[in-house]
Amino acid sequence: MMGAQVNAADLLQQALSSNIIPNQEFLLQGSILDSAAENLLHRLRGLCDNVDASPETFSDIEMCFSLKLPTEKTPVMTVRVRRAQDVEAPLQLRYIGQPELGDRTRPTLVRSSLDIACTPHVIDFLTEMGFRLDFEYSTKGYMFRKGRMKITVSKILKNMTEPISQSYLVELSVLAPKGQDAIAEDMRIFAEQLKPLVQLEKIDYKRFAQMP
């Protein structure tokens, strides 16, 4: 089992360094109180594609798995598995890399991202590889599209039914190949149109890791 754990981490690192995984995710995030969410949905209906149609809804369960070595305290790899609750669809296995340091003036967070459609056996496969489930949660909400941009307004739930807060998570994201940094400026311009209802920002995750 030790050999499988090391091999999985080494193979992924080789793929990343060789640009076998070309996808990048550009991301902005924010939140909005429940009482103001309807106003935001109305704004998005007017700004996004297919304004005459109702927004697409989704209801997912997301599971976070980590791979740890006996000699290490921090995971060598973390992946997520997403399962739709409202439609028949393949499970999604997702790898998300660390945010790029880059230029601080860059409008959005940028990180490597890989999504793969899988069968339900992916959970057994990860377990055999040495991954362990860290936590899981449910998301339920609305999805809009504006060209390549995806906008989600979602409620985070525990035990599938209980909201963890009185607000919605708002995410603006684009998956694109390396070298298409111009999309970040398009996202910044779109995010400006959602003010003052919601402030979409480039979140510094290291700041949360340092909190007591």
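In this report, we go over the structure that sits alongside the text. Only a predicted model underlies this, so the values are computations on that prediction, with no experimental measurement involved.

Okay, the environment of Asp-181 next. Tracing the chain through its elements places Asp-181 in the loop between β9 (167-177) and α4 (182-192). The exposure class of Asp-181 is partly exposed, given its relative accessible area of 40%. Sequence-wise, Asp-181 and Phe-26 are 155 residues apart; in three dimensions their C-alpha atoms are separated by 8.6 Å. Leaving out residues up to four positions away in the same chain, Asp-181 has contacts with Gln-24, Phe-26 and Arg-106.

Our focus in this paragraph is unusual backbone geometry. The residue after Lys-195, namely Pro-196, is reached through a cis peptide bond having omega 0 degrees. For Pro-196, the position within the fold is in the loop between α4 and α5 (205-209). Even without a glycine there, the phi angle at Asn-159 is positive, about 55 degrees. Looking at where Asn-159 falls in the secondary structure, it is placed in the loop between β7 (149-158) and β8 (162-163).

Those residues of α4 that sit buried are Ile-183, Ala-184, Met-187, Phe-190 and Ala-191. Down the axis of α4, the buried set is contained in an arc of 120 degrees. They therefore lie on one face. Turning to α4, the residues buried within the fold contact β1 (23-33), α2 (34-47), β6 (132-146), β7 and β9.

By convention here, two paired aromatic rings are described through the distance between centres and the angle between planes. Scanning the model with the defined rule gives one aromatic pair in all. Residues Phe-135 and Tyr-137 carry aromatic rings whose centres are separated by 6.3 Å and whose planes lie at 20 degrees to one another, so their mutual orientation is stacked. Note that Lys-155 overlies the ring of Tyr-168, its terminal NZ or CZ placed 4.8 Å from the centroid.

Within this structure, the stated rule accounts for 10 salt bridges. With a closest N to O distance of 3.4 Å, Arg-80 and Glu-62 form a salt bridge. In this pair, Arg-80 is assigned in strand β3 (residues 77-84) and Glu-62 in strand β2 (residues 56-67), connecting sequence segments 18 residues apart. Classification of Arg-80 as partly exposed rests on a relative accessible area of 24%.

Reading the values: rules and limits
- Here the residue numbering is sequential within each chain, running from 1 through the sequence in written order.
- Predicted model: local features are reported for residues with pLDDT of at least 70 only, side-chain atom pairs are reported and counted for 80 or more only, and whole-chain, interface and lining totals are derived from all residues.
- Based on all heavy atoms of the structure, the side-chain values leave hydrogens and waters out of the count.
- Where helices and strands are cited, they refer to DSSP runs of H or I of at least four residues and of E of at least two residues respectively, numbered from the N terminus.
- With a 1.4 Å probe rolled over the protein chains alone, any residue whose accessible area is under 20% of its type maximum counts as buried; one over 50% counts as exposed, and the rest are partly exposed.
- In what follows, residue pairs with any heavy atoms lying within 4.5 Å of each other are defined as contacts.
- An arc is given here, and it is the one of the directions from the helix axis to the C-beta atoms.
- Pairing of aromatic rings covers Phe, Tyr and the six-membered ring of Trp, with a centre-to-centre limit of 6.5 Å; geometry is then stacked below 30 degrees between planes, edge-to-face above 60, and tilted otherwise.
- A positively charged side chain is recorded as over a ring if its NZ (Lys) or CZ (Arg) lies within 6 Å of the ring centre. The angle to the ring normal must also be within 35 degrees.
- Here, a salt bridge means any side-chain nitrogen of Lys or Arg that lies within 4 Å of a carboxyl oxygen of Asp or Glu.

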